[in-house]
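Close look at the chain arrangement
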Amino acid sequence: MSWRAALTALLLAPGPAVWAGTCPGGLIGDDPLGGNLGPAPALAFQELYCVEIRNDLPRERAEVAYSGVPLPESLALTDTDRLLLVGPGDRVVAAQFDVLSRWGAPVNDATAPIRWLEVSAHARVAANGVSNYSLRRYASPPGIADPFAVSITQSANQWTVDTGLATFVLDETNPALIASIGADLDDDGSGRQPIYQHSAQAGPRLVFVNPTGDDVIVGPAPGGSTDPDQVFADSFEAGSAGSAGPVVLDPGGFEVVESGPVKVVVAARGHFPDPAGGSLCDVGLVAPYERFGFTAVLTFYRASRDLGLEFEFRNECSEALGGSWTDEAVVVRHVGWELPFALAGAVVHAAGEQALAQGTATARVEQRRGAGAGPAWTRRARATLDGAVVENGEFFNTPIVAASDANWVMAGGMPWLRYREPQALAAATGSLVLEFVSDTITVGEGKGIWNRAHVSIEPVGQLPVTVADHLEGLRDVLRDRLERGLLVRAPLDSVNASGIFPSLGTQASSTIKSSYRAWLDLLHSETVDPGGQFDRNKNYGSQLWPDTGSSDPYSVDAEQPNDSSAGMNYWDPAGVELLEYLRTGEPPWAWDFALPGYWTQLHAAYLNTGERDHGNRAGLAVTSGGPGCEFGIECDPDGTGGGHWHRSAFGSDDYSYAMSAELAYALRPNVGLRERFAQAGQTVLNRYDPAIPEANREAFVNAVNITRQVIQHFELLANCAEFVPGQRGMDCHNRLQQLVDELARDNLAAGIFCQGEIDFGLGLNGDILGPPAPPPTSCFTPQQFMQNALMYAFFHRYWSNYGDPPSNSVRRALIEAPVILYQQGIDKLMGGPAVDPN
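What follows covers the overall build of the protein. Within the protein, the regular secondary structure consists of 15 helices and 37 strands. The C-alpha radius of gyration computed for the protein amounts to 27 Å, which stays within 12% of the reference 28 Å derived for 838 residues, consistent with globular compactness. With the principal axes as the frame, the protein shows a C-alpha extent of 85 × 75 × 55 Å. Within the span of the protein, comprising 838 residues, buried residues form 61% of the whole. Considering only contacts within the protein whose residues lie at least 6 apart along the sequence, 72% involve residues at least 24 apart.

Below is the structure:
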């Protein structure tokens, strides 16, 4: 018996029941392998929450669920050492707790109470069911042993991740990151068979068109484990690409983000340099720099051999000051990541929509670029085996590719492949290839493309069915994990008790609630359901996601993506849906539209220059969106869009309407979004310096007033202040308080949202001069709907986290502004005090 088996027997021994509450319910794993760590300890505890994990799909799910839950400041919980998650039967569930933010302090301040706590759990949830768990704080550290806990250790430049069933050795100096993988064949936790060894074909790869029109490969050249004519047929013609250059990691670019025991997360930042200089960005404001950046994030799970990959690819080139916002776009043919596995006598498998097919050399499933003209434009998808097409369609709902031999089966999945064209999954007899860009596209100036993938690794001997049947079932599993990952949710009364938000209401019914929910259901379905705005506006492509397709909701139809209009999350419909998720716990409100919508806004719509901080727009929305083709911008002749969405010449940087981005991060924490918070925070730090005399501040750049532009920027600064670790987060935290102190003194002194001084040359974008200048005797206020959508939420967020500034005017404005709105701006029934619910 192995030591893990002995410990498993001990953990499963019956223990004393010390709590007779009714919170835990639903399913729990059968043994430690499934996350059941034995009886809860007979120690005193306080139940913090009864959290839920909901599965709205018609099949049982067992996977790592994770999300942030809000905690009230009054709990005074400063560390996670005494926390446990307890499930049905008073059994401990394998769980991990990470601090996302703290009350009134930067996230690194270990003395401040935790505000958002990330809870990761090895969950099991019935089909269309809910599993409930008791989140407990014990009086002393409970010391629960987990034989399958995932851990990470360092030796020089190598890091070893042990998941209990696999060992991943990582090299922090190698852009491919993975040096080797060894995996357990029989689920007992002992022994590791080598299944991966780093080779020249491994890791990230870019193919782009340089300024002279030649193709350049940066990273491993196609070949060896793959056939370029088969696997990369749409990326470039074999033999036409220039000599390969190396991918490089940025100095200090490797980071351990989470260290177990349920998941280990590591991140690495790097660039794709062309040795001949074709990858340089030269905007004349700074020294030329490498334009092609990336962030790779690997996630490893307890009791698993699987691998999660997040990959953001960036065209970081922009002067970051002003238009045209399109002159630094680039043509990219391929962005991918290759994983060459050590398989013997392997076969390959592929499926799009039909039954799985098997080949002997190469397999590929791809969402191709659409084709046709005008009304005849259509989407295209295909699956190939050994170079022959085996399936065609407009799109595939559950695509999968895999490779297998007598011992192992490796499969890959990517989310929303059917929408984010052109992308592909490929397999050769010795590798999996994740093609985040699989065909020629234009990547817009200062644009990032977010990507996700999940790689499943299973020993054939442990499968209860044939390899083919296993892969058929895995198609839904991969899609579920990537497009509807399980979330840990605090109940509504606990969310309200946290004090982070104004009350989100109760479960009681009312006419207003019914009317509101009916409209929200209608808008949701008319956006994302088949035949809705997503389809009618043809919002297809990896630099786009369904959003407000037009300022005219009755004019969203486009004949091809060239004609579609890209929104900027106007008035935060994505945030509305995340709030509805907090109210109801229904997964569609998080996954159908909001989370990927926020990822696209922050990575692609907002100006994305990586860690560059020149100019004054990085991390902000620079235009109001607009079509992919307008004002003479050249578009792709096949109608698939020019990559210039969100980069038109119309608008300014006051279209950063992502006013609930903190919810997108807190409800599904990820490194990429946190990086975007950091970059936007740095830009706001650079632009708004309280040391500049108020009379010398430039309107539209650093005037501190209550306009939609400034409050949008300060909201982004608040995201940096709350969630970004290290010195950057500390700087954002300090600056945020300085700026709100000034607004409280000058703009909120009368208990209303006072916009700014009148300047007939600048409109209402002047600064209210503070002491020794006399206070104004009158002022304009922002439009009421902007106060409702932007200003009130920002100041409430600040007040709930930091309290009132010395002037005490933020709290006063939060009270008096709704009173004035009720008195002056809301229809009443029959002229009386009752609000008209219609």
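A few words now on a nonpolar patch on the surface. On the surface, a cluster of nonpolar side chains totalling about 300 Å² of accessible area is made up of Ile512, Tyr822, Ile826 and Val835. Mapped onto the secondary structure, valine 835 falls in the segment after α15 (809–825). Assessed through its relative accessible area of 35%, valine 835 is described here as partly exposed.

What follows deals with the packing of helix α12 (residues 708–723) against helix α13 (residues 726–746). Where α12 contacts α13, the two axes come as close as 8 Å, and the packing angle between them is 140°. With respect to each other, α12 and α13 are oriented oblique. When you trace α12 past α13, the crossing you get is left-handed. On the side of α12, the interface is formed by Ile711, Phe714, Leu717, Ala718, Cys720 and Ala721, while α13 contributes Arg728, Gly729, Cys732, His733, Arg735, Leu736, Leu739 and Leu743.

Another aspect to go through is the sheet that holds strand β35 (residues 488–489). The strand order across the open sheet built from six strands is β1-β5-β4-β8-β2-β35, with neighbouring strands paired in antiparallel fashion. Each of the sheet's edge strands pairs with one partner strand only, and the pair in question is β1 (36–39) and β35. Across three bridges, the pairing between strand β4 (residues 83–87) and strand β5 (residues 91–93) is antiparallel. When the sheet's bridge partners are listed, glycine 87 is paired in β5 with arginine 91.

With that out of the way, let us pick up the nonpolar core. Grouped together as the largest cluster of nonpolar side chains are 110 residues, with contacts concentrated most on Ile53, Leu85, Leu117, Leu578, Phe714, Leu736 and Phe795. Top contributing element to this core by residue count: α12, with nine residues. Setting aside its immediate chain neighbours within four residues, leucine 578 contacts Trp589, Ala590, Ala594, Leu595, Tyr598, Ser660, Leu663, Ala664 and Leu667. Counting 69 residues, the second largest nonpolar core, distinct from the first, contains Leu206, Val247, Phe294 and Ile457.

Here is what the cut-offs are and how they apply
Residue indices begin from 1 for each chain and proceed along its sequence in written order. With pLDDT at 70 or above as the cut-off, local features in this predicted model cover only qualifying residues; side-chain atom pairs require 80 or more to be listed or tallied, and sums for whole chains, interfaces and linings still use all residues. Side-chain numbers here rest on the full set of heavy atoms in the structure, without hydrogens or water. Strands here mean DSSP runs of E at least two residues long; helices mean DSSP runs of H or I at least four residues long; both are numbered from the N terminus. Taken over C-alpha atoms, the radius of gyration is set against a globule rule of 2.2 Å times the number of residues to the power 0.38. Between buried and exposed lies partly exposed: a residue is buried under 20% and exposed over 50% of the maximum accessible area for its type, with that area taken using a 1.4 Å probe on protein chains only. In this description, contact between two residues means that some pair of their heavy atoms is separated by no more than 4.5 Å. Exposure above 30% relative accessible area and the lack of any salt bridge qualify a residue for a patch; like charges then connect within 9 Å, and the nonpolar side chains Val, Leu, Ile, Met, Phe, Trp and Tyr within 5 Å. A 1.4 Å probe and the Shrake-Rupley method give the accessible areas. Residues count as covered only by the protein chains that appear here. Take a side-chain nitrogen of Lys or Arg and a carboxyl oxygen of Asp or Glu: if they are within 4 Å of each other, that pair is a salt bridge. Interaxial angles span 0 to 180 degrees and are taken between N-to-C directions of axes, which are lines fitted to C-alpha atoms, for helices over the stretch in contact. Note on terminology: angles under 35 degrees are roughly parallel, angles over 145 are roughly antiparallel, angles of 65 to 115 are roughly perpendicular, and the others are oblique. The sense of a crossing depends on the near helix, which, turned anticlockwise from the far helix by less than a right angle, makes the crossing left-handed and, turned clockwise, makes it right-handed. Each pair of strands is called paired provided DSSP finds at least two bridges between the two strands. As used in this record, nonpolar core signifies buried Ala, Val, Leu, Ile, Met, Phe, Trp, Tyr and Cys residues forming a set joined through side-chain atoms within 4.5 Å.

Functional significance is not addressed by these values, which are geometric in nature.
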